[in-house]
Amino acid sequence: MKKIRCKNIYPYVLLSLAFMIVNLITLRHLAPWVDEVMMLDTAYNAAFHGSWETTAWYRVVGQYPFSTYPPLYQMIAAVWMRLFGGSLVVVRSLNLVIAFMLGGACLRFMKHHGIELTLWTTALFTMLFWGTSEMAWMYRNGRPDMLGALVVCLTVLAIDHYLRAKSFYASIFIVASSAFLFCSGIQAAVYLCALWLFSFIVMKSRRKELIALLPFLLAGFMLGLLLVSLFMQLNGRLVAFVCSIVQYSSTLSDVALTVLPWAGELFDIDISPYTQKLSELATDRSLGQRLASMAEYRSFLILSVIAFTAYVTSFRHNLRRLLCDEGFLLLLCALYVPLFMNLAGRFASYYRWMTFLPLLLSVMSIACQRRLWCTLFGLVAVVMSVFGIRSMLPDEHWNYENIRSFVQRQPFKSSDVLICPFSLFYEVKLVCDTCYFVGIFPTEYINHIDYIIEAPDGDGFDQRITDYVNNLKADATSVLTVIDHCDHPSLTLYKVQTRNE
């Protein structure tokens, strides 16, 4: 039996390697974007310049920009870059490794919960895990979400072990992993709270155990908060860190925008540094509109409908048993997570792993019980994988080799100071020590510029570079000279000089 179980891991390893190779070949087809650069600029500077600084962040409470995101992923990325280099493929491959470990953790979770995996069902899991276009987008870019997902799975496995054996070491691991979870991203800690609440609601027979578990989770969160707060305090950014927590939750932002004016009047303080970013990020989208955005997640909708049909059909003679079936409860959990996270204040597209993972486990539960549904899900997995791989193909308006050639043919020196779009992050960081990404970085902190790379056909963030160029053109003391162009994507390089040069 042990040999058979060992063999069942082979499809996961082999298919995962195949998907990882496809990803490594196609990673350049996805343009670097604002969140990726914000997360990795600090890590790059730490790895190659020895400084925990960034020129790709925004101002918080009037202070010079500093990354206020919990730093665990950036620290791991800095070590990764130091060991293997800072190219696009190398840096993004970190998330591929994390995703591989995440899939392994999910397989272990299924084993612990009695989901009997065969060669075919393991292959089904692997294709659904790697193949859907939405999941592929999440593990292909440089955000820390895969790390948060991995630590959540490890924490859940520790909780499983604790509930089974009441082991002292398991409780210590819960505290440690919960602390790391907070350090990897506050949203991942909120997600674990959502899972605990859901379990408390649906698992009536285990409520006492779940209540006994809560102190370990809270202790871990408090330890993680203490570690991150200490890190921010050592860098003089504790207040900025606290404010950044508020501003990325629409719920907390609404409360703050209501309370701060009253507090400002009461204590006679200027609240504008605290409300400026909150006002910029404020949204008037209702809860219903935010939930409706899940309609864009087509893989989730298709799998959810098929899974729901499978469970209702399989339990049609005794529908009451559905609420006792772990797989069906996982399906309900997948549907509940978007509601909880939106009520908490944020459920961005890169958080969708939070709802996809319980859905995937639910799919595997029914697929392993019924051959018919296993076959149907297998066909769906093949189709989704085809579309997932197609989503990795190059865009006709985007060619990374054009960008590389464009940057490499310029007379840049390491001492030159550049302004450039996020899409050039990996290439310009290799040649210039100081690169300002003014799509997010405040221009008032820029004193001297040697070159500007403009993306005329870019997005709203790139428009801020165009605005800066127009301001310099209107400045009588500055001279801008166009020295090169690029097509696909459209780029223009300016040399910046003062009149007396």
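Just so it is clear, the model here is predicted, and its values are computed rather than measured. (Residues numbered from 1 in each chain as written. Predicted model: local features only at pLDDT ≥ 70, side-chain atom pairs only at ≥ 80, totals over all residues. Heavy atoms only, no water.)

## Brief notes about the overall build of the protein
Inference 1: When helices and strands are tallied, the protein shows 22 helices and five strands.
Inference 2: Once the C-alpha set of the protein is aligned to its principal axes, its extents read approximately 85 × 55 × 40 Å.
Inference 3: Relative to its 501 residues, the protein shows a buried fraction of 53%.
Inference 4: Only carbon and sulfur atoms are counted for the fraction: they give 63% of the accessible area of the protein, which is about 23300 Å². (Helix = DSSP H or I, 4+ residues; strand = E, 2+ residues; numbered from the N terminus. Buried < 20%, exposed > 50% of the residue type's maximum accessible area, 1.4 Å probe, protein only. Areas by Shrake-Rupley, 256 points an atom, 1.4 Å probe, with all protein chains shown as cover.)

## Some words on the environment of Phe 216
Inference 1: Following the sequence through the fold, Phe 216 ends up in helix H11 (residues 207–234).
Inference 2: Sequence separation of Phe 216 and Leu 359 is 143 residues, and the distance between their C-alpha atoms is 27 Å.
Inference 3: Among all residues touching Phe 216, those that are not within four sequence positions of it are Tyr 162, Ser 171, Ile 174 and Val 175. (Contact = heavy atoms within 4.5 Å.)

## Some thoughts on helix H3 (residues 34–49)
Inference 1: Compared with the 22 Å implied by 1.5 Å per residue over 16 residues, the 21 Å span of H3 between its first and last C-alpha is a close match.
Inference 2: Of all the bends in H3, the greatest measures close to 35 degrees and is centred on Leu 40.
Inference 3: Counting buried residues in H3 gives 13 out of 16 residues, a clear majority hidden from the surface.
Inference 4: Where H3 ends, the next residue or the one after it, Gly 50, has phi of about 70 degrees, a positive value. (Expected span 1.5 Å × (residues − 1). Bend = angle between axes of the 7 residues up to and from the residue.)

## Some thoughts on the layout of surface pockets
Unoccupied space between atoms shows up once a probe the size of one water molecule is rolled over them.
Inference 1: The calculated volume of the second largest pocket comes to roughly 750 Å³.
Inference 2: If you go around the second largest pocket, you meet 33 residues; those closest to its centre are Phe 109, His 113, Val 156, Ser 199 and Leu 330.
Inference 3: Looking at the lining of the second largest pocket, the elements that each hand over two or more residues are helix H5 (88–112), helix H8 (145–165), helix H10 (186–202), H11, helix H17 (326–344) and helix H18 (353–369).
Inference 4: Split by residue class, the lining of the second largest pocket holds 27 nonpolar, two polar and four charged. (1 Å grid on protein atoms, 1.4 Å probe; cavity = no way out; pocket = protein on both sides within 12 Å on 5 of 7 lines; lining within 4 Å. Points joined across faces, edges and corners; volume = space filled by probe spheres on them. Nonpolar A, V, L, I, M, F, W, Y, C, P; charged D, E, K, R; others polar.)

## Focus: the pattern of salt bridges
Inference 1: Evaluation of the coordinates by the stated rule reveals twelve salt bridges.
Inference 2: Residue Arg 92 pairs with Glu 36 through a salt bridge whose shortest N-O separation is 2.8 Å. Taken together, the residues Arg 92 in helix H5 and Glu 36 in helix H3 connect sequence positions 56 residues apart. For the pair Arg 92 and Glu 36, a shared accessibility class is recorded, and that class is buried. (Salt bridge = Lys/Arg side-chain N within 4 Å of Asp/Glu carboxyl O.)

## Thoughts on the state of the cysteines
Inference 1: Taken as a whole and judged by the stated rule, the model has zero disulfides.
Inference 2: Note on Cys 193: no disulfide assigned, nearest cysteine sulfur contributed by Cys 333 at a separation of 13 Å.
Inference 3: Note on Cys 333: no disulfide assigned, nearest cysteine sulfur contributed by Cys 153 at a separation of 12 Å.
Inference 4: For Cys 333, a relative accessible area of 5% puts it in the buried group. (Disulfide = S-S within 2.5 Å.)

## Observations concerning the pairing of strand E5 (residues 491–498)
Along a regular strand, successive side chains alternate from one face of the sheet to the other.
Inference 1: In terms of strand pairing, strand E3 (residues 451–454) meets E5 through four bridges, oriented antiparallel. Bridge pairing in E5 links Glu 454 to Thr 492.
Inference 2: In this structure, strand E4 (residues 478–486) lies alongside E5, joined through eight bridges in antiparallel fashion. Among the inter-strand pairings, Val 479 is bridged to a residue of E5, identified as Gln 497.
Inference 3: The hairpin turn running from E4 into E5, its antiparallel successor, is four residues long, and His 488 in that turn takes a positive phi close to 55 degrees. (Pairing = 2+ DSSP bridges.)

## Comments concerning the packing of aromatic side chains
Inference 1: If you walk through the whole model with that rule in mind, you get 33 aromatic pairs.
Inference 2: For the pair Tyr 64 and Tyr 445, a centre-to-centre distance of 4.9 Å together with 70 degrees between the ring planes defines the contact as edge-to-face. Within this pair, whereas Tyr 64 is found in the loop between H3 and helix H4 (72–84), its partner Tyr 445 is found in the loop between strand E2 (434–436) and E3, the two being separated by 381 residues in sequence.
Inference 3: Judged by relative accessible area, Tyr 445 falls into the partly exposed class, the value being 22%.
Inference 4: Centre to centre, the rings of Phe 412 and Tyr 451 are 5.0 Å apart; their planes meet at 70 degrees, and the pair counts as edge-to-face. Here Phe 412 is found in the loop between helix H20 (400–408) and strand E1 (417–419), whereas its partner Tyr 451 is found in strand E3, with 39 residues between them in sequence. No difference in accessibility class separates Phe 412 from Tyr 451, as the two residues are buried.
Inference 5: Grouping aromatic residues by their ring pairs yields a cluster made of Tyr 44, Phe 48, Phe 422, Phe 425, Tyr 426, Phe 437 and Phe 461. (Phe/Tyr/Trp six-rings, centres within 6.5 Å; stacked < 30°, edge-to-face > 60°.)

## A look at the confidence of the model for the protein
Inference 1: Mean pLDDT over the protein: 90, with 90% of residues reaching 70 or higher.
Inference 2: Predicted confidence in the protein is weakest over helix H1 (residues 2–7), with a mean pLDDT of 49, and strongest over H4, with 98. (pLDDT = per-residue confidence, 0-100.)

## Focus: the sheet that holds E1
Inference 1: Ordered by their spatial adjacency, five strands build an open sheet running E2-E1-E3-E5-E4, and the pairing between neighbours is mixed. Whereas interior strands pair on both sides, the edge strands pair on one side only; in this sheet they are E2 and E4. On average, each strand axis in the sheet is tilted by 25 degrees relative to the strand beside it, whichever way the strands run.
Inference 2: As defined by bridge partners, E1 adjoins E2 across three bridges and the pair is classed as parallel. The residue bridging Val 417 from the neighbouring strand is Thr 434, located in E2.
Inference 3: Together, E3, E4 and E5 form the strand contacts of H20, whose direction differs from that of E4 by roughly 135 degrees.
Inference 4: Packing of helix H22 (residues 460–474) onto the sheet brings it into contact with E1, E3, E4 and E5, and relative to E3 it is tilted by some 130 degrees. (Axes fitted to C-alpha atoms, helices over the stretch in contact; angles between N-to-C directions.)

## Quick look at unusual backbone geometry
Peptide bonds are, in most cases, trans, and in most cases residues other than glycine have a negative phi.
Inference 1: Residues His 488 and Pro 489 are joined by a peptide bond in cis, for which omega reads 5 degrees.
Inference 2: Inspection of the secondary structure puts Pro 489 in the loop between E4 and E5.
Inference 3: In the Ramachandran plot, Val 61 falls in the positive-phi region, its phi being about 45 degrees despite a non-glycine side chain.
Inference 4: Along the chain, Val 61 turns up in the loop between H3 and H4.
Inference 5: A residue is classified by how much of its surface remains accessible, and Val 61, at 17% relative accessible area, is buried.

## Notes on the side chain of Glu 134
Inference 1: Counting through the fold element by element, Glu 134 comes out in helix H7 (residues 133–140).
Inference 2: Here Glu 134 occupies a buried position and makes no salt bridge, while the nearest side chain of opposite charge, Arg 352, is found at 6.2 Å.
Inference 3: A polar contact of 3.4 Å, which involves the side chain of Glu 134, links it to the side chain of Ser 133.
Inference 4: When neighbours within four sequence positions are excluded, Glu 134 is seen to be in contact with Glu 296, Tyr 297, Arg 298 and Ser 299. (Lys, Arg positive; Asp, Glu negative; His and termini not counted. Polar contact = N/O pair within 3.5 Å; in protein donor to acceptor, adjacent residues only side chain to side chain.)

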